[in-house]
Amino acid sequence: MATTTQSAPAAAAATRHKPFYMDMSVQVFAGMVLGAAIGHFWPHSAEFMSTLGELFIRLIAMFVGLIIFCAVVHGIATVREARRVGRVAIRALIYFEVVTTFALVIGLVTINVLAPGRAAHFDLSALPAHALDTYQHTAQTISAGGFFLNIVPRTAISAFTDGNVLQVVFLSVLFAFGLLAVGERGKPMVDMIEIAKLTVFKIIGYIMWLAPIGAMGAIAATVGKFGIGSLTSLGALVGEFYLTCLLFIVIVLWPIAAWSGISLIGLIRYIRAELLLVIGTSSSESVFPQLVQKLTALGCDESIVGLILPTGYAFNHDGTCLYFAAVSIFLAQATGVDLTLTQQLGLLGILLVTSKGGAGVAGSAIVVLVSTLAATGTVPVAAVGLILGVHRLLSSAFVAVNILGNALATIVIAQWEGAVDRKLLLSGLAGQPAAA
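Residues numbered from 1 in each chain as written. Predicted model: local features only at pLDDT ≥ 70, side-chain atom pairs only at ≥ 80, totals over all residues. Heavy atoms only, no water.

As for the overall build of the chain
Right, so step 1: On a plain count of helices and strands, the chain comes out with 20 helices and zero strands.
Right, so step 2: Scored against the burial criterion, the 436 residues of the chain give a buried share of 51%.
Right, so step 3: In the chain, of all internal contacts separated by at least 6 residues, the share reaching a separation of at least 24 is 84%.
Right, so step 4: In the form shown here, the chain has an accessible surface area of approximately 19,900 Å², with 68% of it arising from carbon and sulfur atoms. (Helix = DSSP H or I, 4+ residues; strand = E, 2+ residues; numbered from the N terminus. Buried < 20%, exposed > 50% of the residue type's maximum accessible area, 1.4 Å probe, protein only. Contact = heavy atoms within 4.5 Å. Areas by Shrake-Rupley, 256 points an atom, 1.4 Å probe, with all protein chains shown as cover.)

What follows is the structure, given as structure tokens:
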């Protein structure tokens, strides 16, 4: 009797909604609005505000490698079935490649139909001589090293210090299989990794209180540099790209969600704070820890989330592929290069490979774009300098599409494996507490 009376207030407290201003998505949005105002009225503060945005990203990014390692190792080690891990990985890679191919095709079709660069005639000689020096150097490194060589880190530590997602995943999988081979004697290590993961998530929770400030700083820097018009009158390329992202969500992601019995609108609402944050910061790393927690809380098996989400960060770049297709053809149009259908399909094939090679590289979208154009030799590499000014606006859109695509992929593959609590999933996407 006593336990019943004590649990009633607890149940009432659990079902009580938080005030709207305590919602992280509301706080992040408010930070973005404030940042736009600061950038407009005090444009000279752009450099300092950019530091605030970069500081928040660094605070999160310094834990991303550790979280990926703990999530992958603990997920695989608790499965204790190497065959299932291999099956899940193969399914995930096939899914990623099919969806990113659709992204490239939609990007190519849309940019050819709308042709925003056809009316533009840019003079490449007017570009700053050293505008692409940093990107070209990194691009040459990626091309020469090769994709497969870039998967393996030079040392076990460098995978973490270089911030290369692909290398961290590779190292984590190797370590996890080694731990599986040890058997029961490895259980203390598995427990220790779980404790480390929980500890890092606690730290991330503290850092997330700074998310509105990080979003405010990033948006203020953008508006301060490019003007308030950068948020309203974005230009032909940016407008076309935003439309392409919307078409991809409607044509590809929505049918996948519907076929899997998932509400895509519900998923967007469920991760709205994370989507707003990546729009503000243009960094997918800034929301990785939160996505792991949210997808696990949604009923997805920890082992699936721990394997699929970091792999998706390395291989499933839906939005980035839209960006590559749109921007590369735009640059050809803007510089008067007439690409044949065969050349465009060849470019698509190269992008399918190079889009994976930049995983974890800072500014990887620009780096991979330079690498691809250098590999094809059809569009002048110097033309990339034309889009450096609006790259920040484009990246806000494609990073958000990346996040949404990876969240959906994790849920879909978890369902294929029968590794999701369906009741918990549906109630979470409906915005309702799970039934007891």
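Some details on helix H20 (residues 422–429)
Right, so step 1: Turning to H20, its buried residues are Leu-425, Ser-427, Gly-428 and Leu-429.
Right, so step 2: Residues of H20 that are buried in the fold lie against helix H12 (264–270) and helix H19 (391–416).
Right, so step 3: N-capping of H20 is provided by Asp-421, with a side-chain oxygen placed 3.2 Å from the backbone N of Lys-423. (Polar contact = N/O pair within 3.5 Å; in protein donor to acceptor, adjacent residues only side chain to side chain.)

A closer look at the nonpolar core
Right, so step 1: Core analysis: the largest hydrophobic core is formed by 126 residues, its most contacted members being Tyr-323, Leu-331, Ile-387 and Leu-408.
Right, so step 2: Here the element with the most residues in this core is H19; it accounts for 16 residues.
Right, so step 3: Beyond its immediate sequence surroundings of up to four residues, Leu-408 is in contact with Tyr-95, Leu-253, Ile-256, Ala-257, Ile-262, Leu-264 and Leu-267. (Core = buried A, V, L, I, M, F, W, Y, C linked by side-chain atoms within 4.5 Å.)

Observations concerning the pattern of salt bridges
Right, so step 1: The tally for this structure, following the rule as stated, stands at five salt bridges.
Right, so step 2: Between Glu-302 and Lys-197 there is a salt bridge whose closest N-O contact spans 2.1 Å. Placement of the pair is Glu-302 in helix H15 (residues 302–315) and Lys-197 in helix H9 (residues 187–207), with a sequence separation of 105 residues.
Right, so step 3: A residue is classified by how much of its surface remains accessible, and Glu-302, at 25% relative accessible area, is partly exposed. (Salt bridge = Lys/Arg side-chain N within 4 Å of Asp/Glu carboxyl O.)

Thoughts on the packing of aromatic side chains
Right, so step 1: This model, assessed by the stated rule, comprises 10 aromatic pairs.
Right, so step 2: On the basis of an interplanar angle of 75 degrees and a centroid distance of 6.1 Å, the ring pair of Tyr-95 and Phe-96 is categorised as edge-to-face.
Right, so step 3: Looking at Phe-96, the relative accessible area reads 1%, which means it is buried.
Right, so step 4: Among the aromatic residues, ring-to-ring pairing joins Tyr-95, Phe-96, Trp-259 and Trp-416 into one connected group.
Right, so step 5: The cationic tip of Lys-294 hangs over the ring face of Tyr-270; the distance from NZ or CZ to the ring centre is 5.4 Å. (Phe/Tyr/Trp six-rings, centres within 6.5 Å; stacked < 30°, edge-to-face > 60°. Lys NZ or Arg CZ within 6 Å of the ring centre and 35° of its normal.)

Quick look at the packing of helix H2 (residues 24–41) against helix H13 (residues 272–281)
Right, so step 1: It is at 8 Å that the axes of H2 and H13 come closest, and there the two elements cross at 20 degrees. With respect to each other, H2 and H13 are oriented roughly parallel. By crossing handedness, the relation of H2 to H13 is classed as left-handed. Between H2 and H13, the residues in contact are Met-24, Ser-25, Val-28, Phe-29 and Met-32 and Arg-272, Ala-273, Leu-276, Leu-277, Ile-279 and Gly-280, respectively. (Axes fitted to C-alpha atoms, helices over the stretch in contact; angles between N-to-C directions. Parallel < 35°, antiparallel > 145°, perpendicular 65-115°, else oblique. Left-handed = near helix turned anticlockwise from the far one by under 90°.)

A few points about the environment of Ala-314
Right, so step 1: Position of Ala-314 relative to the elements: it lies in helix H15.
Right, so step 2: The buried category is assigned to Ala-314, whose relative accessible area is 0%.

Some words on the environment of Gly-266
Right, so step 1: Its place among the elements puts Gly-266 in helix H12.
Right, so step 2: Residue classification places Gly-266 among the buried residues on the basis of a relative accessible area of 1%.

Structural notes on the environment of Asp-23
Right, so step 1: Secondary-structure assignment places Asp-23 in the loop between helix H1 (2–15) and H2.
Right, so step 2: Distance in space between the C-alpha atoms of Asp-23 and Ala-273 is 8.3 Å, their sequence separation being 250 residues.

Let's talk about a nonpolar patch on the surface
Right, so step 1: Together, Val-105, Val-109, Val-113, Leu-114, Leu-243, Leu-246, Leu-247, Val-250 and Ile-251 line one region of the surface with nonpolar side chains, adding up to about 760 Å² of accessible area.
Right, so step 2: Those elements giving two or more residues to the nonpolar patch turn out to be helix H4 (82–114) and helix H11 (235–259).
Right, so step 3: With five residues, the top contributor of residues to the nonpolar patch is H11.
Right, so step 4: Tracing the chain through its elements places Leu-246 in helix H11. (Patch = residues over 30% accessible without salt bridge, like charges linked within 9 Å, V, L, I, M, F, W, Y side chains within 5 Å.)

Observations concerning the confidence of the model for the chain
Detailed conclusions should not be drawn from predicted coordinates in areas where pLDDT is low.
Right, so step 1: Mean pLDDT over the chain stands at 78; residues scoring 70 or higher make up 78%.
Right, so step 2: Scored below 50 in pLDDT, residues 230–234 shows eight contacts in the model against residues more than four places distant or in partner chains. (pLDDT = per-residue confidence, 0-100.)

Quick look at the side chain of Asn-402
Right, so step 1: Structurally, Asn-402 can be placed in helix H19.
Right, so step 2: For Asn-402, the side chain forms a polar contact with the main-chain nitrogen of Asp-318, separated by 3.2 Å.
Right, so step 3: When residues no more than four places from it in sequence are discounted, the contact partners of Asn-402 are Asn-316, His-317, Asp-318, Gly-319 and Thr-320.

Quick notes on the side chain of Gln-167
Right, so step 1: Assignment of secondary structure puts Gln-167 in helix H8 (residues 165–182).
Right, so step 2: Look past the residues within four positions of Gln-167 in its chain and what remains in contact with it is Asn-150, Ile-151, Val-152, Pro-153, Ser-158 and Ala-159.

Remarks on helix H16 (residues 318–334)
Right, so step 1: The end-to-end C-alpha distance of H16 is 24 Å, a good match for the 24 Å that 17 residues give at a rise of 1.5 Å each.
Right, so step 2: The buried count for H16 comes to 17 of 17 residues, which makes it a mostly enclosed element.
Right, so step 3: Just downstream of H16, Gly-336 is the residue with a positive phi angle, here 80 degrees. (Expected span 1.5 Å × (residues − 1).)

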